[in-house]
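Per-entry structural report
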Amino acid sequence: MLHEILLQLVDNQGVQVLANPYLCGMCDDMLAFSNWKERPNRLVLRGMIADGTVSQLLQMESHEKEEIANLVSAFMSTDFAKDNSITDAMAFYVLNSIAYAAGWGEMPVSHSDKGATQSQPAPEVKLGQQIVEYKPAAESESIGTMIPANMAIPVNRNLNRIVHEEGGLVDFLAYELQFTPEHVQQVLAAEQIDGVAMAIRQMQVGQGFILSDATGIGKGRQLAALLYWALLQCSVPVFVTEKSVLFSDLYRDLKDIGCGQLRPFILNSDREARVIDADGVCVVDLPSASEMEYFRVNHQLPDGYDFLALTYSQMSINETKNWKMPCVLDVVKDSYLILDESHNATGTDSNQGRFFRQAVNDACGVTFASATYAKNCSTMPLYALKTAIAESRIGAEDLIDIVESGGIILQEELSKGLVASGSMIRRERDMSDIQRELRFEKDDIRISSMRLAYDRVIEVVQDLQDFDVKFIKPYLKNIDIEDQLRKTLQIPDDVVIDAKSMRVIRESFASRFMPTVQQLLLATKTELAVQTTLEVLKSGRKPVVEIQHTMEAQLDYLCNVGEELKSFEFIQILRRNLNAMFHYKLEATERK
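So, here's what we can say about the structure. This structure is a prediction, so every number in the text was calculated from the model and none was measured.

1. Quick word on the overall build of the protein
- For the protein, the count of helices and strands is 23 helices and 14 strands.
- With the C-alpha coordinates of the protein rotated into their principal frame, the extents come out at 100 × 75 × 50 Å.
- Considering the protein as a whole, with its 592 residues, one finds that 43% of them fall into the buried category.
- Of the accessible surface of the protein, which amounts to about 31,800 Å², a share of 50% is contributed by carbon and sulfur atoms.
- Side-chain charges of the protein comprise 58 positive and 83 negative groups, with the mean position of each set lying 7 Å from the other.

Right under this line is the structure:
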């Protein structure tokens, strides 16, 4: 506490130390402001020393409460106090601490001790429960979520530890994000405040945090807050996600928390990478050629940009031919890394996998966000670099083999250990009250019409599959990869191409077959689903329509954001699949 530190200084150096211009520095050395609750007092003390309030107190012959109140009133009228949102309680505590240390008053009560935040009681978990109600530690509105039973108590302990060390989570985030407590509660739900607070604590000590919330909890909103926090640490944060269209989603989340002014330097060059707002207006365009050249040469963002944004695919090209890799690594060093959909940063031997392991290792702190973080076992060595998994001291290959062999049971135990160490959290929506009803079409005429439409389309689908097997695959199997590469890229004869590295990269129609059939089934059921939804709405209930395949990629192919799609026939999807058959890439590396 400040008054205890000041008293100790007076005992060692005399009362005159209280008027020393370097008093704040002395208190810093004695860790007076190491606790979050004490940090605002440093600002008040510095202001009172600078404007002479402390000197006036020490020169006073009378030290009655009225005299101290007058000094506080005079200090509170200064521009310094107004500009820094200093309260009367803060000013009274600091001035009374000085009086107490000088031997003139009683021991003061800190304003931060009044109505201190209480620890959240441990959740009750009954034997056999798989999931329990999540009770946030943050004093804000909850969105109503659940948490796996084996994670409930460890998460509760971790959050209570932060509350004990830093004070209330709302005030903690208000300090870290330079928001008002009211703004924090307005833009973040209680669950989101808990998640952001845990992630910040991990990144503050150079570690990583796995945000594994399920859909509907607001991972994007939490990542936006963490991105802004990283920016406030005087760094250039790096944001990586799965698809470039998600940059627009990030913008909307940043705007929702009041940080829509932040401008990303987008490393992708595709049209979907532009940041589009809810009205279809482009708010952040792709960097110009000169700006991209500046980044390539200087390994720094041009003026006017706040953070770097890219997709995982940008780091999939061989490092010897990808100038972006060293540039991004230089930005990541001494900065913070936000990996959205982190299960995509996979591979032990791939260019992408090697790059992101290096990036995670170099970063000051990392947040991994993925509802299915353990989807790819090859991602585990990436998490091990910045989480408690590193304590196992298991090599990358062995770790992958162990997780693959252990299956779901081992993954659950691994998640439990990560949560216990403060490296992970997962919440999900409560779906227990949702009524599920399986409906069947009973109109024979409509059934016949649907069956006829399905049969007509499936015949074309089968024809496409046969065409792929009989013509496309044999052609690609007999293609001379080296000859085509040398002709296309004009590779000199003295350059030796590694035969083992030569391959044809192509998405076969077989991989599109099942999604196409599923989209076809969705199309046949759409009219019935719409009519049923309208009936439920008219009855006063709120239906939940679950769509397995949203056809987002197909819609993006057919029109731009904000444009009207005049017609949408299934033949357009089949035509796109046919065109895709004729696209392939050749890849090879030079033999060293």
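2. Concerning the sheet that holds strand β5 (residues 264-266)
- Reading across the sheet, the 7 strands line up as β5-β8-β4-β9-β10-β3-β11 and stay open at both edges, with parallel pairing between neighbours. Here the strands that pair on one side only, and so sit at the sheet edges, are β5 and β11 (424-425).
- Bridge count between strand β3 (residues 208-211) and β11: 2 bridges; the pairing is parallel. Each bridged residue has a counterpart across the sheet, and for I210 the counterpart in β11 is M424.

3. So, the side chain of S97
- Assignment of secondary structure puts S97 in helix α7 (residues 88-101).
- For S97, a relative accessible area of 0% gives the class buried.
- Polar contacts involving the side chain of S97 include one to the main-chain carbonyl oxygen of Y93, which spans 2.7 Å.

4. Overview of empty space enclosed by the protein
- All told, the structure shown has 2 cavities of 30 Å³ or more when counted by the stated rule.
- Estimates place the volume of the second largest cavity at around 60 Å³.
- Lining the second largest cavity, in full, are F247, L250, Y251, L254, L262, P264, V275, V284, F307 and A309.
- Counting residues per element, the ones that place at least two in the lining of the second largest cavity are α13 (246-256) and β8 (307-311).
- The element that contributes the greatest number of residues to the lining of the second largest cavity is α13, accounting for 4 residues.
- Looking at side-chain class alone, the lining of the second largest cavity contains 10 nonpolar, no polar and no charged residues.

5. Observations concerning the nonpolar core
- With 101 residues, the main nonpolar core has L169, L173, V238, L308, L337, L339 and F356 as its most contacted residues.
- Non-local contacts of L308, meaning those with residues more than four positions away in its chain, are made with V236, P237, V238, F239, F265, F295, L301, V328 and V331.
- The next biggest cluster of nonpolar side chains, apart from the first, holds 34 residues, and it includes L23, F75, M76 and A102.

6. Some words on the packing of helix α5 (residues 65-76) against α7
- The geometry of α5 relative to α7 is characterised by a closest axis approach of 10 Å and an angle of 130° between their N-to-C directions. When the axis of α5 is compared with that of α7, the two are oblique. The two elements α5 and α7 meet at a crossing, and its hand is right-handed. Each of I68, A69, L71, V72, F75 and M76 in α5 lies in contact with α7, whose residues at this interface are D88, A91, F92, L95, N96 and A99.
- Looking at the contact of α5 with α7, its residues break down into 10 nonpolar, 1 polar and 1 charged.

7. Examining the pattern of salt bridges
- Under the criterion given, the structure shown has 12 salt bridges.
- With its nearest N and O atoms 2.8 Å apart, the salt bridge here joins R427 to D213. Taken together, the positions of R427 in the loop between β11 and β12 (428-429) and D213 in the loop between β3 and α12 (219-232) put the pair 214 residues apart, joining distant regions of the chain. Both residues of the pair, R427 and D213, count as buried.
- When the shortest N-O distance is used, the salt bridge between R221 and D256 registers 3.3 Å. Of this pair, R221 sits in helix α12 while D256 is found in helix α13, placing the two residues 35 residues apart along the sequence.

Analysis parameters
- Residues numbered from 1 in each chain as written.
- Predicted model: local features only at pLDDT ≥ 70, side-chain atom pairs only at ≥ 80, totals over all residues.
- Heavy atoms only, no water.
- Helix = DSSP H or I, 4+ residues; strand = E, 2+ residues; numbered from the N terminus.
- Buried < 20%, exposed > 50% of the residue type's maximum accessible area, 1.4 Å probe, protein only.
- Areas by Shrake-Rupley, 256 points an atom, 1.4 Å probe, with all protein chains shown as cover.
- Lys, Arg positive; Asp, Glu negative; His and termini not counted.
- Charge placed at Lys NZ, Arg CZ, Asp CG, Glu CD.
- Pairing = 2+ DSSP bridges.
- Polar contact = N/O pair within 3.5 Å; in protein donor to acceptor, adjacent residues only side chain to side chain.
- 1 Å grid on protein atoms, 1.4 Å probe; cavity = no way out; pocket = protein on both sides within 12 Å on 5 of 7 lines; lining within 4 Å.
- Points joined across faces, edges and corners; volume = space filled by probe spheres on them.
- Nonpolar A, V, L, I, M, F, W, Y, C, P; charged D, E, K, R; others polar.
- Core = buried A, V, L, I, M, F, W, Y, C linked by side-chain atoms within 4.5 Å.
- Contact = heavy atoms within 4.5 Å.
- Axes fitted to C-alpha atoms, helices over the stretch in contact; angles between N-to-C directions.
- Parallel < 35°, antiparallel > 145°, perpendicular 65-115°, else oblique.
- Left-handed = near helix turned anticlockwise from the far one by under 90°.
- Salt bridge = Lys/Arg side-chain N within 4 Å of Asp/Glu carboxyl O.

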